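# A closer look at the structure
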Amino acid sequence: MAETQRVEVIDSHTGGEPARVVLGGGPDLGNGTLAERRRIFEREWDRFRSAVVNEPRGSDVLVGALLCPPSDHDCAAGVIFFNNVGTLNMCGHGLIGLVVTLAELGRIKPGRHRIETPVGVVAVKYQGGNRVTFENVVSYRFAKGISVRLADDRRIQGDIAWEGNWFFLVEEHGQDLDVRRVEELTAFCWEIRQALERQNLTGADGGVIDHIELLGPPRDVRNHSRNFVLCPGKAYDRSPCGTGTSAKLACLLADGKLRPGEVWRQESILGSVFEAEAVQVFDDGSIVPRITGTAYVTGYATLVLDPEDPFCWGIRP
């Protein structure tokens, strides 16, 4: 009989969006780059991913973070992010949660650190307590004003942008971004995603646009915008979405609506806030975004993977 496996995790939330850091009991992925190890994780350990974040131990909204030894020895840690349907290139809220978790464990102190991800090394500043600032991977707008025809022949326009993940950002959508309308907003964003696929609209090199971001006026006058972001597994982001905020920042800079170093306060559908600014702008219009947010540890747990359990490897969507 196969032995029962135990997986040590710490849970946190960033702006209301949960993350689960796997500390021990995860798979051995070797010593390659994080991009190489991510491919191994996808190919050989998908059921482990599902066991950690899917029901009955998790939920559709939970994002996992597999803590890995970095291949770059100047980094404090390496990480592979994943959700209910697969791995993620990058995850802003997950990174903030990871840094606060590392501090909780005493592995880092306030100051500057580097975290290795499958899409590059990310510079972070742990400010102490619950506050984290990170410089994200390079972001850029790929296409502006792309028209998409929905199933009922309505047309909407949006921008395609990259920030570790591919986003379709829409401002003129006619939707009220209220948390009480989550079901309607989810259905609308899913319709947009399906329309993008039907019309073969992608990012660079055929990259799937798997994040849909609606933008509207903020509820708090101290903020600049409110968003609703639908993630690949059809769960909405409770936080303002670090990668989504970075993608928005790239579009604002491209349109001349924001200057380098000028702070943009992005409000989530719950009202939580990320502060964002472009700290570097390149000749091709791409930027290096800096994001600041807060995370809180919510629990320590040991997950039990009993092979006799019919739902040991999670209930897959």
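Not measured: the values here are computed from a predicted model. (Residues numbered from 1 in each chain as written. Predicted model: local features only at pLDDT ≥ 70, side-chain atom pairs only at ≥ 80, totals over all residues. Heavy atoms only, no water.)

Secondary structure assignment for the chain yields five helices and 16 strands. By the compact-globule yardstick of 20 Å for 317 residues, the chain fits well, its C-alpha radius of gyration being 19 Å. C-alpha atoms of the chain, sized along the principal axes, occupy 55 × 45 × 35 Å. Residues counted as buried form 55% of the 317 residues belonging to the chain. By sequence separation, contacts in the chain at least 24 residues apart represent 63% of the contacts at least 6 residues apart. Surface exposure of the chain reaches about 13,800 Å², of which carbon and sulfur atoms provide 46%. Treating the 35 positive side-chain charges of the chain as one cloud and the 43 negative ones as another, the clouds have centres 2 Å apart. (Helix = DSSP H or I, 4+ residues; strand = E, 2+ residues; numbered from the N terminus. Rg over C-alpha atoms; globule rule 2.2 N^0.38 Å. Buried < 20%, exposed > 50% of the residue type's maximum accessible area, 1.4 Å probe, protein only. Contact = heavy atoms within 4.5 Å. Areas by Shrake-Rupley, 256 points an atom, 1.4 Å probe, with all protein chains shown as cover. Lys, Arg positive; Asp, Glu negative; His and termini not counted. Charge placed at Lys NZ, Arg CZ, Asp CG, Glu CD.)

This structure, assessed with the given rule, holds 22 salt bridges. The closest approach of N and O atoms between R131 and E275, which form a salt bridge, is 3.3 Å. Taken together, the positions of R131 in strand β8 (residues 131-135) and E275 in strand β15 (residues 273-281) put the pair 144 residues apart, joining distant regions of the chain. Here K144 and D255 are joined by a salt bridge, their closest N and O atoms 3.4 Å apart. Of the two residues, K144 is situated in strand β9 (residues 140-149) and D255 in the loop between α5 (242-254) and β14 (264-267); the sequence distance between them amounts to 111 residues. For D255, a relative accessible area of 31% corresponds to the partly exposed category. The network of salt bridges with common partners includes R141, K144, D159 and D255. (Salt bridge = Lys/Arg side-chain N within 4 Å of Asp/Glu carboxyl O.)

Axis separation between helix α1 (residues 34-44) and helix α2 (residues 46-53) bottoms out at 5 Å; the angle between their running directions is 85°. The angle between the axes of α1 and α2 places the two elements in the roughly perpendicular class. In contact with F41, E42 and E44 of α1, α2 contributes D46, F48 and R49. Residues of the contact of α1 with α2, tallied by class, amount to two nonpolar, no polar and four charged. (Axes fitted to C-alpha atoms, helices over the stretch in contact; angles between N-to-C directions. Parallel < 35°, antiparallel > 145°, perpendicular 65-115°, else oblique. Nonpolar A, V, L, I, M, F, W, Y, C, P; charged D, E, K, R; others polar.)

Before going further, it helps to spend a moment on α2. Within α2, six of the eight residues are buried, which leaves it mostly tucked inside the rest of the structure. Looking only at α2, the buried set comprises F48, R49, S50, A51, V52 and V53.

In this section: the packing of aromatic side chains. The final tally for this structure, using the stated rule, is six aromatic pairs. Seen in terms of ring centroids, F142 and W166 are 5.4 Å apart; in terms of plane orientation they differ by 70°. Their pairing is edge-to-face. With a gap of 24 residues between them, F142 in strand β9 and W166 in strand β11 (residues 166-170) connect regions that are remote in the sequence. Ring geometry for F228 against Y236: centres 5.6 Å apart, planes inclined by 20°, an arrangement best described as stacked. You can call F228 buried: its relative accessible area is 0%. (Phe/Tyr/Trp six-rings, centres within 6.5 Å; stacked < 30°, edge-to-face > 60°.)

A separate point is the environment of L253. Mapped onto the elements of the fold, L253 is located in helix α5. Sequence separation of L253 and Y140 is 113 residues, and the distance between their C-alpha atoms is 9.3 Å. Those residues in contact with L253 that sit more than four places away from it in its chain are L258, R259, P260, A278, V281 and I287.

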